[in-house]
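Listed below, chain by chain, are the residues.
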Amino acid sequence: MQDAPHPRRELLRRALCAGAGAALLGRTTPLAAAQDAADASGSPTAPRFRKALKYGMIADPDAKSVAERFALAKRLGFDGVELNSPSDLDEAEVVEAARETGLVVEGLVDSAHWKHSLGSTDAAERKQGRDALEHALRQAARLGADSVLLVPAVVRANASYRDAWKHSVDEVRGAAALAEELDVRIACENVWNNFLISPIEACHWLDEVGSDHVVWHFDVGNVLRYGWPEHWIEALGSKRCYKLDVKEFSRAKMNDEGLWRGFDVKVGDGDVDWGSVRDALGAIGFDGWAAAEVAGGDAERLADVSARMDRVLGLS
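Here's what I pulled together on the structure shown here. (Residues numbered from 1 in each chain as written. Predicted model: local features only at pLDDT ≥ 70, side-chain atom pairs only at ≥ 80, totals over all residues. Heavy atoms only, no water.)

A look at the pattern of salt bridges
1) Next: Going through the model one piece at a time under the given rule, you end up with 24 salt bridges.
2) Next: We note a salt bridge from Glu96 to Arg99, for which the minimum N-O separation is 2.5 Å. On the criterion of helical spacing, the pair formed by Glu96 and Arg99 is a turn pair, its members being three residues apart in helix α4 (residues 91-101).
3) Next: Looking at Glu96, the relative accessible area reads 31%, which means it is partly exposed. (Salt bridge = Lys/Arg side-chain N within 4 Å of Asp/Glu carboxyl O. Helix = DSSP H or I, 4+ residues; strand = E, 2+ residues; numbered from the N terminus. Buried < 20%, exposed > 50% of the residue type's maximum accessible area, 1.4 Å probe, protein only.)

Observations regarding the packing of aromatic side chains
1) Next: Tallied over the entire structure, the rule returns 11 aromatic pairs.
2) Next: Seen from their ring centres, Phe49 and Phe286 are 5.8 Å apart, and the 40° between their planes marks the pair as tilted. Here Phe49, found in strand β1 (residues 48-54), pairs with Phe286, found in the loop between α10 (274-283) and β8 (287-292); they are 237 residues apart in sequence, far enough to count as distant. Both residues of the pair, Phe49 and Phe286, belong to the buried class.
3) Next: The interplanar angle of 25° and the centroid separation of 5.9 Å between the aromatic rings of Phe218 and Trp232 together place this pair among those described as stacked. One end of the pair, Phe218, is in strand β6 (residues 214-219); the other, Trp232, is in helix α8 (residues 229-240), and 14 residues separate them in sequence.
4) Next: The class of Trp232 is buried, set by a relative accessible area of 2%.
5) Next: Joined through ring pairs, the aromatic side chains of Trp192, Phe249, Trp260 and Phe263 make up one cluster. (Phe/Tyr/Trp six-rings, centres within 6.5 Å; stacked < 30°, edge-to-face > 60°.)

Right, here's the structure in full:
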């Protein structure tokens, strides 16, 4: 039996691997930060998480107002919430509910990005998408949120990859000026949009946009169909991997019951290797929001989601 790797050497090995990939991508490596952390603690640095959930998940019949829903989420161990933009919620009510409960509106989700793709060849559609994104950025600033989740483009049979790349880079680069002015991040997500389906591609796309305010909102479960989350985290690195969506995926269910049934599994019961995910996040020094994106429900259901997040994120 081989000896277990020394924690400090293992951390430095991971940092060197990340650094080699970073050199290929033309960016600064995390080696110095990793070595400082190892020298200070003698062991790999654990990632730090703040727990959130999507507002639509809060569906307890006894929590009707925004403040009641926020209070329930806070009581069940969540620190923040993500809202859709646009939505029919009253902004003043949201701000007051956050003040009363201490639940942070940590991000918004641009809910127009599928219908009005920034990668479309139709200039009118792109304008609608750009207007929706800029509206969400301004709303995020008013609500105290620091990011807007974006699906940057959608590739279909009649919407080519080349066009999606060109137009989405142009549109997001244009919106980045407003994001920088407001100090709100545009956080792009990996979804099943047939676009940016490898981490190296995602890094190249972000580099071409060329703004520190355009980052990645990494969905852990979405990549299980064609990859491994820890590989994405390593490639994205500390500057790009800004936030997480937490969900599961079962390859067996996908193969036996159909593609979308792969998501029909509770957090911690699927194929995500959460130990490797935590190790990869620790190696890049992750310190940020992790939001549940699973089926919601009443207080009992949300308590289970919260407890499962604690287990897989190493919070319990």
